[in-house]
Protein chains: 2
Amino acid sequence: LKPYLIIVAGGTGKRMQSDIPKQFLPVKNKAILQHTIDVFVAYNPDIQIVLVLSELYHKLWRTISQENNYYTEYQIIKGGKERFFSVKNALDCIPPDCIVGVHDAVRPCVSKETITRAYASARRHGNGIPVVPVRESLREITNQTSKAVDRNKFVSVQTPQCFKSDILKKAYTQEFQPSFTDDASVVQAAGYKIHTVKGNIENIKITEPSDLLIAEIFLP
Amino acid sequence: LKPYLIIVAGGTGKRMQSDIPKQFLPVKNKAILQHTIDVFVAYNPDIQIVLVLSELYHKLWRTISQENNYYTEYQIIKGGKERFFSVKNALDCIPPDCIVGVHDAVRPCVSKETITRAYASARRHGNGIPVVPVRESLREITNQTSKAVDRNKFVSVQTPQCFKSDILKKAYTQEFQPSFTDDASVVQAAGYKIHTVKGNIENIKITEPSDLLIAEIFLP
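To start, this report covers the structure provided alongside it. From a predicted model like this one, the values you see are computed outputs, not experimental measurements.

Turning our attention to the interface of chain A and chain B. Across the boundary between the two partners, chain A contributes 39 residues, which contact 39 residues of chain B. Buried area between chain A and chain B, summed over both chains or domains, comes out near 3,400 Å², and the portion from carbon and sulfur atoms is 55%. Summed over the shared surface of chain A and chain B, the result is four salt bridges. A salt bridge links Arg135(B) to Asp211(A); its shortest N-O distance comes to 2.5 Å. Taken together, chain A and chain B are joined by 17 residue pairs in polar contact (both at pLDDT 80 or more). Mapped onto the side of chain A that touches chain B, the elements with two or more residues apiece are strand E8 (137–142), strand E9 (145–149), strand E10 (154–157), helix H6 (183–189) and helix H7 (209–218) of chain A. Looking at the side of chain A that touches chain B, the element that brings in the most residues is H7(A), giving six residues. Its residues assigned to classes, the side of chain A that touches chain B comprises 16 nonpolar, eleven polar and twelve charged. As judged from the four bridges shared by E8(A) and strand E10 (residues 154–157) of chain B, these two strands associate in the antiparallel manner.

See the structure below:
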């Protein structure tokens, strides 16, 4: 089954106190988004990529790509109002009978090994979701107070979340719910059992300005 | 109420692939443990510190301190088998009617503001526990599978966890339970309501080698 990849680039740069959306910011002389694209191409040079990007930024990204000689070819489509609708749009570009991963543009530090495990699990079990242990103690917020919970019962979820495309397409015919925070939650709500695989702790989601410096440590 | 601080330095360096325990490793030309001590002294120069350290390392730490002209004065006592017993030992050195914080030696990036909020909450409410939002999606591991949970219902717990000393002493008369992963869980089990305060996201616990590089970004 051929591998496809949907990259979701939702950010608009507000939290990064920058006019440039964070996925376009350079780390080690390369835009974060291009780091992300490159690691998937290194995993499999034949992977077919669909980039979901706010229409506002299509021109800016093409300019950045040209100026920096980013040659990778892929389809660019426009984003939806919520992540859910962005992925739903992108799924229209994905054929049946393939394996499709969905990855956050701002996770450039994903390892080739994590990608390999997630796609392999999707081939075998229908889905593969990379997770890592929760590193800090957790408390659950309840009415007015909070209670300690056993962090060993929880895992932190990363991307790429990979699926047989028919399963993901079927799951995305459901009505949107606010509890759909990632693709695994959508697929689980459609009645499928979720299979987790080992992620890599460097695979952080770049959201804060300091995350750029952390990503610099982890990126090649 | 006078401020006291228990610093728990449990590490033995195994995970850091180093013969030197991680709390002694230098970041920006200063041992992690000394960074930690310095930020509390900057918060309040009169704070009384009890350092809990494996007996194996008392001599090494005194040597490092002398060679590097670390002049801060404090008591050093030996650690217990579990963190619980280390804190319990240290509490014997803490007087009644004071405010006591318990802090991980390997959290040198705690901000003065976080420390101030935790001690102030302990003065007012009996305890103050710094927390930050959970940044990644969470899944709860159940028999054979896992389910999505709403991460907005959870917070990540940091230190210093601060208490009226009488409350903490009383809580530590309980029998040890494996669910006692931090001081808040011990105090909660003794029947007290936990009060959370805002932590700071830089306040990471240094456990992995890459955390040293991240701490370098955050430390002064």
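There is more to say after this.
Attention now goes to the pairing of strand E1 (residues 3–9) of chain A. Consecutive residues of a regular strand have side chains that alternate between opposite faces of the sheet. All names here are of chain A. Of all seven residues making up E1, seven are buried, and the element is well covered by its neighbours. By the alternation rule, side chains of E1 split into Pro-3, Leu-5, Ile-7 and Ala-9 and Tyr-4, Ile-6 and Val-8, which are all buried. Sheet analysis places E1 next to strand E6 (residues 99–104), joined by six bridges and oriented parallel. Directly across from Pro-3, in E6, lies its bridge partner Ile-99.

Criteria and thresholds
Residues numbered from 1 in each chain as written. Chains lettered and ligands numbered in written order. Predicted model: local features only at pLDDT ≥ 70, side-chain atom pairs only at ≥ 80, totals over all residues. Heavy atoms only, no water. Contact = heavy atoms within 4.5 Å. Buried area = accessible area lost by both parts, 1.4 Å probe. Salt bridge = Lys/Arg side-chain N within 4 Å of Asp/Glu carboxyl O. Polar contact = N/O pair within 3.5 Å; in protein donor to acceptor, adjacent residues only side chain to side chain. Helix = DSSP H or I, 4+ residues; strand = E, 2+ residues; numbered from the N terminus. Nonpolar A, V, L, I, M, F, W, Y, C, P; charged D, E, K, R; others polar. Pairing = 2+ DSSP bridges. Buried < 20%, exposed > 50% of the residue type's maximum accessible area, 1.4 Å probe, protein only.

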